[in-house]
Number of protein chains: 2
Amino acid sequence: MNRFHQTAKTQRRIFVSIMTARTNDMFPAEHLRNFAVQVFLHFGVPEPDAEKASEVLILSDLRGIDSHGVARLHTYFDMLSLGRINPKPNVKIIRERKSVCTVDGDNGLGLVVGPKTNEIAMDKAEQFGSGWVSVCNTNHYGIASYYSLEALKREMLGWSMTNSTKLVAPLWGAERMLGTNPISIAFPGKKNKPIVVDLATSAAAYGKIEIAKRKGKTIPRGWIINSDGDMTEQPEDMINGGALLPLGSERELGGHKGYCLSAMVDILTSVLSGANWGPFTPPFALRQEIPSRSVGKGIGHFFGAMQIEGFMDVDEFKQRIDEWIEVFRNTKPVKGQKAVLIPGDPEHEEEAIRRKEGIPLIQPVIDDLIDISKKTGIPFSL
Amino acid sequence: MNRFHQTAKTQRRIFVSIMTARTNDMFPAEHLRNFAVQVFLHFGVPEPDAEKASEVLILSDLRGIDSHGVARLHTYFDMLSLGRINPKPNVKIIRERKSVCTVDGDNGLGLVVGPKTNEIAMDKAEQFGSGWVSVCNTNHYGIASYYSLEALKREMLGWSMTNSTKLVAPLWGAERMLGTNPISIAFPGKKNKPIVVDLATSAAAYGKIEIAKRKGKTIPRGWIINSDGDMTEQPEDMINGGALLPLGSERELGGHKGYCLSAMVDILTSVLSGANWGPFTPPFALRQEIPSRSVGKGIGHFFGAMQIEGFMDVDEFKQRIDEWIEVFRNTKPVKGQKAVLIPGDPEHEEEAIRRKEGIPLIQPVIDDLIDISKKTGIPFSL
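Residues numbered from 1 in each chain as written. Chains lettered and ligands numbered in written order. Predicted model: local features only at pLDDT ≥ 70, side-chain atom pairs only at ≥ 80, totals over all residues.

Attention shifts here to the overall build of chain A. A count of helices and strands for chain A gives 12 helices and 12 strands. The C-alpha atoms of chain A give a radius of gyration of 21 Å, which matches the 21 Å a tight globule of 382 residues would have. For chain A, with 382 residues in total, the buried portion stands at 57%. Partitioning the contacts of chain A with sequence separation of at least 6, the portion at a separation of at least 24 is 63%. (Helix = DSSP H or I, 4+ residues; strand = E, 2+ residues; numbered from the N terminus. Rg over C-alpha atoms; globule rule 2.2 N^0.38 Å. Buried ≥ 20, exposed ≤ 12 C-beta atoms within 10 Å, placed from the backbone. Contact = placed C-beta atoms within 7 Å.)

Residues and elements named next belong to chain A. The strand order across the open sheet formed by 7 strands is β2-β3-β4-β11-β5-β6-β7, and the pairing between neighbours is mixed. Each having just a single partner strand, β2 (92–97) and β7 (195–199) make up the two edges of the open sheet. The average undirected angle you get between the axes of adjacent strands in this sheet is 15 degrees. Pairing analysis gives 5 bridges linking β2 to strand β3 (residues 100–104), with the strands arranged antiparallel. By the bridge assignment, glutamate 96 is partnered in β3 with cysteine 101. (Pairing = 2+ DSSP bridges. Axes fitted to C-alpha atoms, helices over the stretch in contact; angles between N-to-C directions.)

Once that is clear, we can look at the sheet that holds strand β9 (residues 231–232) of chain B. Within a sheet, neighbouring strands are paired by backbone hydrogen bonds and run either parallel or antiparallel to one another. Residue and element names in this part refer to chain B. Pairing in this open sheet of 3 strands is antiparallel, and the strands run β9-β8-β10 from one edge to the other. Two strands lie at the open edges of the sheet, namely β9 and β10 (243–244), each paired on one side alone. Bridge analysis of strand β8 (residues 224–225) against β9 gives 2 bridges, and the strand direction is antiparallel. When the sheet's bridge partners are listed, isoleucine 225 is paired in β9 with methionine 231.

With that settled, consider the relation of the copies chain B and chain A. Mapping chain B onto chain A is achieved by rotating through 180 degrees and translating by 0.0 Å along the same axis, at an RMSD of 0.0 Å. The operation mapping one copy onto its partner corresponds to a two-fold rotation axis. Residue glycine 248 of chain B, judged by its C-alpha, is the member of chain B lying nearest the rotation axis, at 2.3 Å. A share of 100% of the interface residues of chain B reappears at the interface of chain A, consistent with the copies meeting face to face through the same patch. (Least-squares fit on C-alpha atoms with pLDDT ≥ 70 in both.)

Glancing now at the pairing of β7 of chain A. The two faces of the sheet receive side chains in turn, since in a regular strand these alternate between them. Residues and elements named next belong to chain A. The element β7 is extensively covered by neighbouring structure, given that 5 of its 5 residues are classed as buried. Burial along β7 is two-sided: Ile195, Val197 and Leu199 and Val196 and Asp198, pointing in opposite directions, are all buried. Here strand β6 (residues 183–187) pairs with β7 via 5 bridges, running antiparallel. Bridge pairing links isoleucine 183 to leucine 199 in β7.

So, about the packing of helix α4 (residues 73–81) of chain A against helix α12 (residues 363–376) of chain A. Residues and elements named next belong to chain A. In the contact formed by α4 and α12, the axes pass within 9 Å of each other and the chain directions differ by 35 degrees. Packed against α4, whose contacting residues are Leu73, His74 and Phe77, the element α12 presents Asp368, Leu369, Asp371 and Ile372 at the interface. Of the residues belonging to the contact of α4 with α12, the class tally is 4 nonpolar, 1 polar and 2 charged. (Nonpolar A, V, L, I, M, F, W, Y, C, P; charged D, E, K, R; others polar.)

This part covers the interface of chain B and chain A. With 71 residues of chain B at the interface, the matching set in chain A holds 71 residues. Contributing elements (two or more residues each) for the side of chain B that touches chain A: β2 (92–97), β3 (100–104), β4 (130–138), β6 (183–187), β7 (195–199), α9 (255–271), β11 (299–307) and α10 (314–329) of chain B. The element contributing the most residues to the side of chain B that touches chain A is α10 of chain B, with 7 residues. Grouping the constituent residues of the side of chain B that touches chain A by class yields 40 nonpolar, 18 polar and 13 charged.

Okay, the nonpolar core next. Of all hydrophobic cores here, the largest spans 235 residues; its most connected members are Ala36 of chain A together with Ala36 of chain B. Apart from the residues lying within four places of it in its own chain, the contact partners of alanine 36 of chain B are Ser54, Leu57, Ile58, Val70 and Leu73 of chain B. (Core = buried A, V, L, I, M, F, W, Y, C linked by C-beta atoms within 7 Å.)

Here the focus is the packing of helix α2 (residues 29–42) of chain A against helix α3 (residues 47–62) of chain A. All names here are of chain A. Orientation of α2 relative to α3, taken along the N-to-C sense of each, is 140 degrees, at an axis distance of 8 Å. In terms of their interaxial angle, α2 and α3 are classed as oblique. Crossing angle aside, the handedness with which α2 passes α3 is right-handed. Between α2, through Ala29, Leu32, Arg33, Ala36, Val37, Phe40 and Leu41, and α3, the contact on the second element is made entirely by Glu47, Ala50, Glu51, Ala53, Ser54, Leu57, Ile58, Asp61 and Leu62. Across the contact of α2 with α3, the residue classes tally to 11 nonpolar, 1 polar and 4 charged. (Parallel < 35°, antiparallel > 145°, perpendicular 65-115°, else oblique. Left-handed = near helix turned anticlockwise from the far one by under 90°.)

To continue, consider α3 of chain A. Because the α-helix completes a turn every 3.6 residues, residues three or four places apart line up on one side. All names here are of chain A. The end-to-end C-alpha separation of α3 is 22 Å, in line with the 22 Å expected for 16 residues at 1.5 Å each. Within α3 the residues assigned to the buried category are Asp49, Ala50, Lys52, Ala53, Ser54, Val56, Leu57, Ile58, Leu59, Ser60, Asp61 and Leu62. Elements in contact with the buried residues of α3: α2, α4, α5 (110–128), α6 (144–152), α11 (345–357) and β12 (359–361). Two residues or fewer past α3, glycine 64 is found with a positive phi of approximately 85 degrees. (Expected span 1.5 Å × (residues − 1).)

Even without a glycine there, the phi angle at glutamate 155 of chain A is positive, about 55 degrees. Relative to the assigned elements, glutamate 155 of chain A resides in the loop between α6 and β5 (156–162). In this structure glutamate 155 of chain A comes out as partly exposed when scored by C-beta crowding, with 15 C-beta atoms within 10 Å. We note that aspartate 106 of chain B has phi near 55 degrees; this positive angle belongs to a residue other than glycine. Residue position: aspartate 106 of chain B is located in the loop between β3 and α5 (110–128).

Here we take up helix α12 (residues 363–376) of chain B. Residue and element names in this part refer to chain B. Look at α12: 20 Å from first C-alpha to last across 14 residues, which is about the 20 Å you get at 1.5 Å a residue. Three or more residues of α12 are buried, namely Val365, Ile366, Leu369, Ile372, Ser373 and Thr376. Down the axis, α12 shows its buried residues gathered within 120 degrees of arc, on one side only. Of the exposed residues in α12, the ones pointing more than 90 degrees away from its buried face are Gln363 and Pro364. Looking one or two residues past α12, glycine 377 carries a phi angle of roughly 80 degrees, positive in sign. (Arc of directions from axis to C-beta.)

Our focus in this paragraph is the confidence of the model for chain A. A low pLDDT means the predicted coordinates there should not be read in detail. Residues and elements named next belong to chain A. With 93% of its residues at a pLDDT of 70 or more, chain A has an overall mean of 93. Taken together, the stretch residues 1–23 has pLDDT below 50 and engages in 29 contacts with residues farther than four places along the chain or on a different chain. ipTM for the predicted complex: 0.94, alongside a pTM of 0.94. (pLDDT = per-residue confidence, 0-100.)

Structure representation (structure tokens):
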């Protein structure tokens, strides 16, 4: 489809979209998914890849992780428009030894390279009991838990990690050196929904600082430092050369531990694969600073899969997970809290609601999608 | 050796020990190691196992992790004396699928079961590129990083995790449900000493609360809660039914993330292996509360090993790690700090000093060792 060709029908639809789009409009997941598919197809992404990439994006929206869903579609659009991402990557294993291998993502969309390499890890696990893949030359891959949840469909335990653009200071450092480098793993229950661990290794998400700044509010001590390395409660200090703190925030509360975890993710995903690591990780969005040096190709991911059956009867394991969930749910709660949550609870709840009621989008995201629609001629409608 | 038989020579040595033992006396590592070997042999632990167990203990002392070294020998002594730990375990694989397996530690010393099962993980990695072992029916295994450091000797990346007696509250819980559940992994440099990640998933170590209590000092907000679940700065609140907080401490600073990591360790080590998990993990020491229920056998460990060569040329990887280390060491430091540390730095420095100058022991630890000496007739001397 020519991006400058718009039919009268398309133009009418865009107009209707603009007229009806209010703050927190609800959009059916299926509509957003179809729109994303069309956008990827528009750039020549092969259909199965466009479908998969959209599935990853929309799962994020469904699970309430709004920052990683269609809110990012305009960034993918920008990168594809400028030819910075390869729409048709030749994802290939470049080194291998039975259960482990390194994959070159050929500068494809992380949303395409991620699912393909996660499949490689699972195929290896099918054959060897476990499979481990370090990936270079890739881009941002969406939510880490998409991949660990996929593993559950094959009765496996799946690990997923990625590095990302620098935002976080190592403990005792006064500059950005590491990404928010997330770790995810999931465990299936029999009667219960799975336990889903999915955490960035920073104390807080960058998005929270942006929101505070927009609202003119201060932020909790322990989220960021200013450009001198002093802890600050002013969100604008982050924008003016500050950095996020690692999980644990300061030495006394274990900030060195968050730094260690972030370093571990950086090394497994990127030093080991031949990708760019630490401060040299290329930016996700156009507005972000381009690193002064390149020490590898693209960013890096790391996937692992282990067959549950290799350790324990699958059914027995799921029953044990059910018991774990029930025992932890019945922990005596602190005053003012109803109950202890199980990792993944908030996302499971959100998904149940959003699959029924649709996905709420804020006006700036709607505007972004309409902008893509205008530029590509792909109809965006409710 | 009969534990009640003491030669005149032994008695003289003990006497000399008692007379010369001052606070922070320095003990050559070799002497402490030999003493530990004799203690384990005394209970019928086979010689290679006694040697290995002592090696694990002393490495902890050498690396400055005083809480996990000979300071714990009296606890192992107590458990062996009462027959609560099997001195001659038949450590065996009970389920297996190529690169993954479950091991039953036959209620052996964790210091014996740990090294044996870590070897199994590495042997599997030799054969399949990677190896992953979940272990049940075992006991406390010393420092987590002993195992990841062993993997480096075989050009592998080694993971090590263990669960432990309940001390930590899940986020929003007001009672102890999880251990301090550590995670370790190490990465080799070519010119530089390895990067060693070794962290408990709690905000602070229990030992720090004990020290504050002894000194009559308050502790930082974020380390513990009292029995109502309120954060407190009074160390005695921990003893009176309180709990440690997970890494991140509170919701606002990411306390849910520390809880997630601790849960991950608990499940991989113990739900997956058939060990006791969460609040049912049996105690390490006699003075600790015995859980109301058993949901498996002993405590659990989890080991992983991956051949570096399966991902990248080993030499190239080590050079990339060297570069990572140099770049991170040159991070602009915060005011008042000389430089950013690399994970493992403090322990490498301590080890270099202690290998030369000996291991400093505080009087209560010396008293414990002398007590063992008295009860077993094994000479303890400088």
